[in-house]
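Structure at a glance
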Amino acid sequence: MANHKSALKRIRRNEVARLRNKYQHKTTRNAIKKLRETEDKSEAQKLYVEVTSMVDKLAKRNVIHDNKASNIKSKLAKFVNAL
């Protein structure tokens, strides 16, 4: 266990950040699943904008890698255009 006050604070902050990242990542994954289940093109296009924004935010905060974010957005764009 940590002995310094700063280390104890860092442990508390890391836990808060971990839970926030976990929540945002899971919410984004659910949104991606919802988009993939959509069969209406106009609705899919609206969802695509929201999901893209969510994925970009995860990449910006280093929850996921930048390349993974690009791959996800590319696959979803192909899916929406194919509808």
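Everything numeric here is computed off the predicted structure, so don't read it as measured data. (Residues numbered from 1 in each chain as written. Predicted model: local features only at pLDDT ≥ 70, side-chain atom pairs only at ≥ 80, totals over all residues. Heavy atoms only, no water.)

It is worth spelling out the overall build of the protein chain at this point. Counting its secondary structure elements, the protein chain contains three helices and zero strands. Starting at the N terminus, the α and β elements of the protein chain follow one another as α-α-α. Over its C-alpha trace the protein chain gives a radius of gyration of 17 Å, far above what one expects of a compact globule, namely 12 Å for 83 residues. By its C-alpha atoms, the protein chain is 60 × 20 × 15 Å across when sized along the principal axes. Relative to its 83 residues, the protein chain shows a buried fraction of 20%. Residue pairs at least 24 apart in sequence account for 55% of intrachain contacts in the protein chain once pairs closer than 6 positions are excluded. When the accessible surface of the protein chain is summed, it comes to about 6,500 Å², and 51% of that surface belongs to carbon and sulfur atoms. (Helix = DSSP H or I, 4+ residues; strand = E, 2+ residues; numbered from the N terminus. Rg over C-alpha atoms; globule rule 2.2 N^0.38 Å. Buried < 20%, exposed > 50% of the residue type's maximum accessible area, 1.4 Å probe, protein only. Contact = heavy atoms within 4.5 Å. Areas by Shrake-Rupley, 256 points an atom, 1.4 Å probe, with all protein chains shown as cover.)

Bringing the packing of helix H2 (residues 41-60) against helix H3 (residues 66-82) into the picture now. Two numbers describe how H2 lies on H3: the axes approach to 10 Å, and their chain directions differ by 180°. When the axis of H2 is compared with that of H3, the two are roughly antiparallel. Note on element contacts: H3 touches H2 through Asp66, Ala69, Ile72, Lys73, Leu76, Ala77, Val80 and Asn81, opposite Lys41, Ala44, Gln45, Tyr48, Val51, Thr52, Val55, Asp56 and Ala59. Looking at the contact of H2 with H3 residue by residue, the class counts come to 10 nonpolar, three polar and four charged. (Axes fitted to C-alpha atoms, helices over the stretch in contact; angles between N-to-C directions. Parallel < 35°, antiparallel > 145°, perpendicular 65-115°, else oblique. Nonpolar A, V, L, I, M, F, W, Y, C, P; charged D, E, K, R; others polar.)

Let us look at the side chain of Thr28. With respect to the secondary-structure elements, Thr28 resides in helix H1 (residues 5-37). Residue classification places Thr28 among the buried residues on the basis of a relative accessible area of 4%. Beyond its immediate chain neighbours, meaning those up to four positions away, Thr28 contacts Met54, Val55 and Leu58.

For H3, built from 17 residues, the straight-helix expectation of 24 Å at 1.5 Å per residue is met to within 8% by its first-to-last C-alpha distance of 24 Å. On its buried side, H3 packs onto H1 and H2. (Expected span 1.5 Å × (residues − 1).)

The next point concerns the environment of Lys22. Residue position: Lys22 is located in helix H1. Remark: the alpha-carbon pair of Lys22 and Leu35, spanning 13 residues in sequence, is separated by 20 Å.

This paragraph deals with the pattern of salt bridges. Evaluation of the coordinates by the stated rule reveals two salt bridges. Residue Glu15 pairs with Arg18 through a salt bridge whose shortest N-O separation is 2.9 Å. Of this pair, Glu15 and Arg18 both sit in helix H1, three residues apart, which is roughly one turn of that helix. On the basis of relative accessible area, Arg18 is assigned to the partly exposed category, the value being 44%. Between Asp56 and Lys73 there is a salt bridge, with its nearest N and O atoms 2.7 Å apart. Of this pair, Asp56 sits in helix H2 while Lys73 sits in helix H3, and the two are 17 residues apart along the sequence. Of the residues examined, Asp56 reaches a relative accessible area of 33% and is grouped as partly exposed. In this structure Lys73 comes out as partly exposed when scored by relative accessible area, which is 23%. (Salt bridge = Lys/Arg side-chain N within 4 Å of Asp/Glu carboxyl O.)

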